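Read off the chains here:
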Amino acid sequence: MKRWILPTLCFLAFLALWEWLVRAGTWSRVLVPSPLDVGAYFVTAFREGTLWPAIYVTMKRLVLGYAVGLAAGLPLGLLNARFKVLEDTLGVVALGLQTLPSVCWAPLALLWFGQTETAMFFIVIMGSLWSVMLATDNGVRNVPPIYARAARTMGSRGLHTWLRVILPGSLPFVVSGMKQGWAFAWRSLMAAEIFIAIPTGSGLGTLLHYGRELNAMDQVIGIMLVIVIIGLLADKILFSPVERFLHRRWGTSK
Amino acid sequence: MTTIQDELQNLPPEKLVVEGVSKWFRTRRANVHALDNVSLNVKEGEFVCLVGASGCGKSTLLNIIAGLETPDRGQVLADGKLVTGPGRERMMMFQESALFPWLDVMGNLMFGLKLKPKLTRKERRRVAMFYLQLVGLEKFMDASIHELSGGMKQRVALARALAPNPRVLLMDEPFAALDALTREQLYGDIQEIWEKRRKTILFVTHNVREAACLGDRVVLFSPHPGQIKEEFSIDLPRPRDINSVELAKFSTSITRALKYHLRKSAGEVDE
């Protein structure tokens, strides 16, 4: 309980200072809207119903694209760690593509898929796939070989060893890779939404873009806030429980 | 009708037969001759200790018997059958416990049991509980592995190895990383379990006293290349105390032999 008081006071003080700086005219209201202006934007946006659909469109793109990235990245990572041929071919490609910001795929995606949802999915997938794959690969290589040996003497073979020993053994690495993949996907999606207009739906990035065009900085800051909150929630809801489990089991934190 | 001739040819096979096993490890820098023409017979229910300096190939031999490695020459028979890979009837215990950190204590015991067919979930849990009680850790069934002390980890590893009821237990310096007090406790435990469950145990160690304390037979290895040099029968009554005077006599003579063979293999002694 006490842990909440100090941060809350800090945030309130920060907001008050910000509001005061804008009201006193130190910061121009055109460049930096006050917290109350941003609050007012939220009220209108929710009343007019522009925000929820945008959040829905963005989350749908993110979640679906990320799911595909995971579904492909995990097995590819396992295969990459298992087969030398893949490591020398796909592994190198993956390493290269992981360093490529996936919004760089936008021109090609537009050409291949047109201004469609598919183009967006493609960019999100490219953002998450390679980190997940490389983290899984790295995780597998970090599993002490003695686990697999012990499992083999207990009668574990082939696929069973991979699914019940190697994969859980590499979980700490895999989860941090999943987290990184999520962050990359989120970033690239935002960049792509600002960059590309898709007629079938406006996401948060599109609203941010409109905000800039209309010079409505209250909208820009409001959308940024929503993006930050979604990121925080994803971390708390999706990853924190898994990480807590890992820390408890492996004994890696207090 | 069986003739005497038949019976002589169909003698009950030894539990483990190692026949002329040789093994080389080829690395980029060197070609290490790990085992040279090693032969060893182990009877059902026998407790055999393999002693030697580090790097004498005794762990390699254990891995070959476990089926985790293949010999370059020679063969290993378990119950008269050629060993071609790991099998549940030959369970292995390592120096590090090799317990799975993503499972709790119970989960670790269940791992091997789940791979054993024709058991219900209830039976598996009962068996796991039985062996946890045998090593005195039933209270820790829900504990994570990192919460256990080194000695407790090796006890859980022992329970995990015993649970699928193997006939042979292969132990690769299982107590080497433990402190002396914990180790002495485990000497008592392992002798008690061996008396109760009558397993065939092959126990690798570099600790001569430990070998004399546990083994019916102590087999002496010398390095470069790994060879069996001598065997000692330890006919002391059980349970044995590692600090007893009688035991010290055995370990002294084994140590003397060990040193002699070490010097010989280093070329310091003539035949």
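Structure shown above.
Since we're looking at a predicted model, the values are computed, not measured. (Residues numbered from 1 in each chain as written. Chains lettered and ligands numbered in written order. Predicted model: local features only at pLDDT ≥ 70, side-chain atom pairs only at ≥ 80, totals over all residues. Heavy atoms only, no water.)

Student: Explain the overall build of chain B residue by residue, including any values.
Tutor: For chain B, the helix and strand inventory stands at 8 helices and 10 strands. Since a compact globule built from 271 residues should have a radius of gyration of about 18 Å, the 19 Å found for chain B is in line with a globular shape. The C-alpha extent of chain B, read off along each of the three principal axes, is 60 × 55 × 50 Å. By residue count, 53% of the 271 residues in chain B fall in the buried class. For chain B, the centre of its 39 positive side-chain charges and the centre of its 34 negative side-chain charges are spaced 5 Å apart. (Helix = DSSP H or I, 4+ residues; strand = E, 2+ residues; numbered from the N terminus. Rg over C-alpha atoms; globule rule 2.2 N^0.38 Å. Buried < 20%, exposed > 50% of the residue type's maximum accessible area, 1.4 Å probe, protein only. Lys, Arg positive; Asp, Glu negative; His and termini not counted. Charge placed at Lys NZ, Arg CZ, Asp CG, Glu CD.)

Student: Summarise the overall build of chain A; cite the residues concerned and give the values.
Tutor: Assigned secondary structure in chain A consists of 12 helices and 0 strands. Element order for chain A, N to C, with α for helix and β for strand: α-α-α-α-α-α-α-α-α-α-α-α. Along the first, second and third principal axes, the C-alpha set of chain A runs to 75 × 55 × 30 Å. For chain A, the residues scored as buried account for 42% of the 254 residues in total. Counting contacts in chain A only where the partners sit at least 6 residues apart, residues at least 24 apart contribute 72% of the total. With an accessible surface of roughly 14,000 Å², chain A has 71% of that area assigned to carbon and sulfur atoms. (Contact = heavy atoms within 4.5 Å. Areas by Shrake-Rupley, 256 points an atom, 1.4 Å probe, with all protein chains shown as cover.)

Student: Lay out the packing of aromatic side chains with the relevant residues and their values.
Tutor: Applying the stated criterion to the full structure yields 19 aromatic pairs over all chains. Relative to W102(B), the ring of Y147(A) has its centre 5.6 Å away and its plane inclined at 80 degrees; by these criteria the two rings are edge-to-face. Of this pair, Y147(A) sits in helix α8 (residues 145-153) while W102(B) sits in the loop between β6 (90-93) and α3 (105-114), on two different chains. Here the aromatic rings of F175(B) and Y187(B) are separated by 5.9 Å at their centres, their planes lie at 65 degrees, and the arrangement is edge-to-face. Here F175(B), found in the loop between β7 (168-172) and α6 (180-197), pairs with Y187(B), found in helix α6; they are 12 residues apart in sequence, far enough to count as distant. There is no split in this pair, since F175(B) and Y187(B) are both buried. Joined through ring pairs, the aromatic side chains of F47(B), F175(B), Y187(B), W194(B) and F203(B) make up one cluster. Its guanidinium or amino end placed over the ring of F100(B), R160(B) lies 4.7 Å from that ring's centre, counting from NZ or CZ. Directly above the ring of W194(B) sits R198(B), whose terminal nitrogen or CZ lies 4.3 Å from the centroid. (Phe/Tyr/Trp six-rings, centres within 6.5 Å; stacked < 30°, edge-to-face > 60°. Lys NZ or Arg CZ within 6 Å of the ring centre and 35° of its normal.)

Student: An account of unusual backbone geometry is needed here, citing residue identities and associated values.
Tutor: Residues and elements named next belong to chain B. The omega torsion of the bond from H224 to P225 falls at -5 degrees, within 30 degrees of zero and hence cis. Residue placement: P225 occurs in the loop between β9 (217-222) and β10 (227-233). Cis geometry marks the peptide bond from R238 to P239; its omega dihedral reads -5 degrees. Position of P239 among the secondary structure elements: in the loop between β10 and α8 (245-265). For N37, which is not glycine, the phi torsion reads 50 degrees and is therefore positive. With respect to the helices and strands, N37 occurs in strand β2 (residues 31-42).

Student: So what's going on with helix α12 (residues 217-250) of chain A? Which residues, and what values?
Tutor: Helix length check: α12(A), at 34 residues, gives a terminal C-alpha distance of 46 Å against a target of 50 Å (1.5 Å per residue), a fit within 8%. Where α12(A) terminates, the next one or two residues include G251(A), which has phi positive at roughly 70 degrees. (Expected span 1.5 Å × (residues − 1).)

Student: How would you explain the packing of α8(A) against helix α9 (residues 158-169) of chain A if you had to name every residue and give the values?
Tutor: Residues and elements named next belong to chain A. At their nearest, the axes of α8 and α9 sit 10 Å apart, and the two run at 135 degrees to each other. Considered as vectors, α8 and α9 are oriented oblique to each other. As α8 runs across α9, the sense of the crossing is right-handed. Contacts from Y147, A148 and A151 in α8 reach T161, V165 and I166 in α9. Grouping the amino acids of the contact of α8 with α9 by side-chain chemistry returns 5 nonpolar, 1 polar and no charged. (Axes fitted to C-alpha atoms, helices over the stretch in contact; angles between N-to-C directions. Parallel < 35°, antiparallel > 145°, perpendicular 65-115°, else oblique. Left-handed = near helix turned anticlockwise from the far one by under 90°. Nonpolar A, V, L, I, M, F, W, Y, C, P; charged D, E, K, R; others polar.)

Student: Break down the interface of chain B and chain A for me, with residues and values.
Tutor: Each side of the interface is counted separately: chain B has 25 residues, and chain A has 21 residues. Summed over both partners, the interface of chain B with chain A comes to about 2,200 Å²; 65% of that surface belongs to carbon and sulfur atoms. Our count for the chain B to chain A interface comes out at 1 salt bridge. Here R249(A) and D104(B) are joined by a salt bridge, their closest N and O atoms 3.9 Å apart. Taken together, the links from chain B to chain A amount to 6 residue pairs in polar contact (both at pLDDT 80 or more). Of all elements in the fold, only β6 and α3 of chain B reach the threshold of two or more residues within the side of chain B that touches chain A. Looking at which element gives the most residues to the side of chain B that touches chain A, the answer is β6(B), with 3 residues. Residue composition of the side of chain B that touches chain A, grouped by class: 13 nonpolar, 6 polar and 6 charged. (Buried area = accessible area lost by both parts, 1.4 Å probe. Salt bridge = Lys/Arg side-chain N within 4 Å of Asp/Glu carboxyl O. Polar contact = N/O pair within 3.5 Å; in protein donor to acceptor, adjacent residues only side chain to side chain.)

Student: Could you give me a rundown of a nonpolar patch on the surface, with the residues and numbers involved?
Tutor: Residues and elements named next belong to chain A. A cluster of nonpolar residues, L225, I229, L233, I237 and L238, forms a patch on the protein surface that exposes about 460 Å² of accessible area. Its place among the elements puts L238 in helix α12. Residue classification places L238 among the partly exposed residues on the basis of a relative accessible area of 43%. (Patch = residues over 30% accessible without salt bridge, like charges linked within 9 Å, V, L, I, M, F, W, Y side chains within 5 Å.)

Student: I'd love a proper account of the sheet that holds strand β8 (residues 200-205) of chain B, names of residues and values included.
Tutor: Residues and elements named next belong to chain B. The sheet built from 6 strands is open, its strands ordered β6-β7-β8-β3-β9-β10 with mixed pairing. Looking at strand neighbours, the two that pair on one side only are β6 and β10, the edges of this open sheet. The sheet shows a mean angle of 20 degrees between the axes of neighbouring strands, taken without regard to direction. Relative to β7, β6 is paired through 4 bridges, and the arrangement is parallel. When the sheet's bridge partners are listed, R90 is paired in β7 with V168. (Pairing = 2+ DSSP bridges.)

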